[in-house]
Amino acid sequence: MPKQRLVLIFPSYLTEKPIAYHLVKDFDLEINILKAKITPGEDGKLVIELAHTSQEQIQKGIAFLKEQGVIIEPISKEIVLNEAECINCGSCTAVCQTKALSIAPPDWQLKFDKEICIACQLCVKACPMQIIQVTF
Ligand code: SF4
Ligand code: SF4
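Below you will find a few notes about this structure. Only a predicted model underlies this, so the values are computations on that prediction, with no experimental measurement involved.

This part is about the nonpolar core. Leu-8, Phe-10, Ile-19, Leu-23, Leu-50 and Val-70 are the most contacted members of the largest nonpolar core, which has 16 residues in total. Mapped by element, the contributors of at least two residues to this core are strand E1 (3–10), helix H1 (19–25), strand E3 (44–51) and helix H2 (55–68). At 4 residues, the largest contribution of residues to this core is made by H2. If we ignore the near neighbours within four places in the chain, the residues touching Leu-50 are Pro-2, Lys-3, Gln-4, Leu-6, Leu-23, Leu-29, Glu-30, Ile-31, Ile-58 and Ile-62. Of all hydrophobic cores here, the second largest spans 12 residues; its members include Ala-100, Leu-101, Ile-131 and Ile-132.

The local shell around ligand 2 holds 14 residues, among which Cys-86, Cys-89, Gly-90, Cys-92 and Cys-127 are the closest. Looking at side-chain class alone, the shell around ligand 2 contains 11 nonpolar, 3 polar and no charged residues.

Let's shift gears to the pairing of E1. Bridge analysis of E1 against E3 gives 8 bridges, and the strand direction is antiparallel. What sits directly across from Phe-10, in E3, is Gly-44. As defined by bridge partners, E1 adjoins strand E4 (residues 71–74) across 4 bridges and the pair is classed as antiparallel. Note that in E4 the partner of Ile-9 across the bridge is Ile-71.

Within this model, the largest pocket holds a volume of roughly 340 Å³. Along the wall of the largest pocket there are 16 residues; nearest its centre are Val-7, Lys-45, Val-47, Ile-118 and Ala-119. Going through the elements one at a time, strand E2 (30–37), E3 and E4 are the ones with two or more residues in the lining of the largest pocket. Both domain 1 (3–74) and domain 2 (78–135) contribute no fewer than three residues apiece to the lining of the largest pocket. Taken as a whole, the second largest pocket encloses approximately 150 Å³ of empty space. Taken together, Arg-5, Ile-75, Lys-77, Glu-78, Ile-79, Lys-114, Glu-115, Cys-117 and Ala-119 form the lining of the second largest pocket. Along the lines of polarity and charge, the residues of the lining of the second largest pocket split into 4 nonpolar, no polar and 5 charged.

A word on the site of ligand 1. All residues adjacent to ligand 1 are Ile-79, Cys-96, Thr-98, Ala-100, Leu-101, Phe-112, Cys-117, Ile-118, Ala-119, Cys-120, Gln-121 and Cys-123. Class assignment of the residues belonging to the shell around ligand 1 gives a composition of 10 nonpolar, 2 polar and no charged.

What follows concerns the sheet that holds E3. Pairing is antiparallel across the open sheet formed by 4 strands, whose spatial order is E2-E3-E1-E4. With one partner strand each, in any of the chains shown, E2 and E4 form the two edges of the open sheet. Going from strand to strand, the sheet's axes swing by 30 degrees on average, the running direction of each strand aside. Looking at chain direction, E2 and E3 are connected through 7 bridges and run antiparallel. Residue pairing in the sheet places Ile-31 in a bridge with Leu-50 of E3. Taken strand by strand, H2 contacts E1, E3 and E4, and its axis lies near 5 degrees from that of E1.

Calculation criteria
Residues numbered from 1 in each chain as written. Chains lettered and ligands numbered in written order. Predicted model: local features only at pLDDT ≥ 70, side-chain atom pairs only at ≥ 80, totals over all residues. Heavy atoms only, no water. Core = buried A, V, L, I, M, F, W, Y, C linked by side-chain atoms within 4.5 Å. Buried < 20%, exposed > 50% of the residue type's maximum accessible area, 1.4 Å probe, protein only. Helix = DSSP H or I, 4+ residues; strand = E, 2+ residues; numbered from the N terminus. Contact = heavy atoms within 4.5 Å. Near = heavy atom within 4 Å. Nonpolar A, V, L, I, M, F, W, Y, C, P; charged D, E, K, R; others polar. Pairing = 2+ DSSP bridges. 1 Å grid on protein atoms, 1.4 Å probe; cavity = no way out; pocket = protein on both sides within 12 Å on 5 of 7 lines; lining within 4 Å. Points joined across faces, edges and corners; volume = space filled by probe spheres on them. Domains from an automatic or database assignment. Axes fitted to C-alpha atoms, helices over the stretch in contact; angles between N-to-C directions.

All quantities given are derived from atomic positions and should not be read as evidence of function.
Take a look at the structure:
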């Protein structure tokens, strides 16, 4: 199913409007909120993933967001991992809220799923080997 991840900046006058509700009800989109920072009276920031069987429907939802005054930014940063030097300590997995970084049995080797990374960069400081970097 086509998916698109976006950073949404909500001007303060929009933070209490049910915009996510309209994306679901009026545009039939699946929404996955990956990160949210909303404080009433202040600008809000959401990292979301929109999904629908039709890419066109996702674009309609994005157009609706823009009409409402939401500022949309692509997720432009990317995490790069030097896997050859990883000691599989798990420190980065403990801070990764999206589970893009994971360690599990049977091999207990670090796995990185780029598709669900939101480039929050929390893992960068968590790595004792300093092998996680951000590219712009
Ligand atoms: S930047 Fe690191 S901590 Fe943040 S989602 Fe991506 S892999 Fe996880
Ligand atoms: S914190 Fe660094 S060394 Fe530890 S598992 Fe993650 S990438 Fe590997």
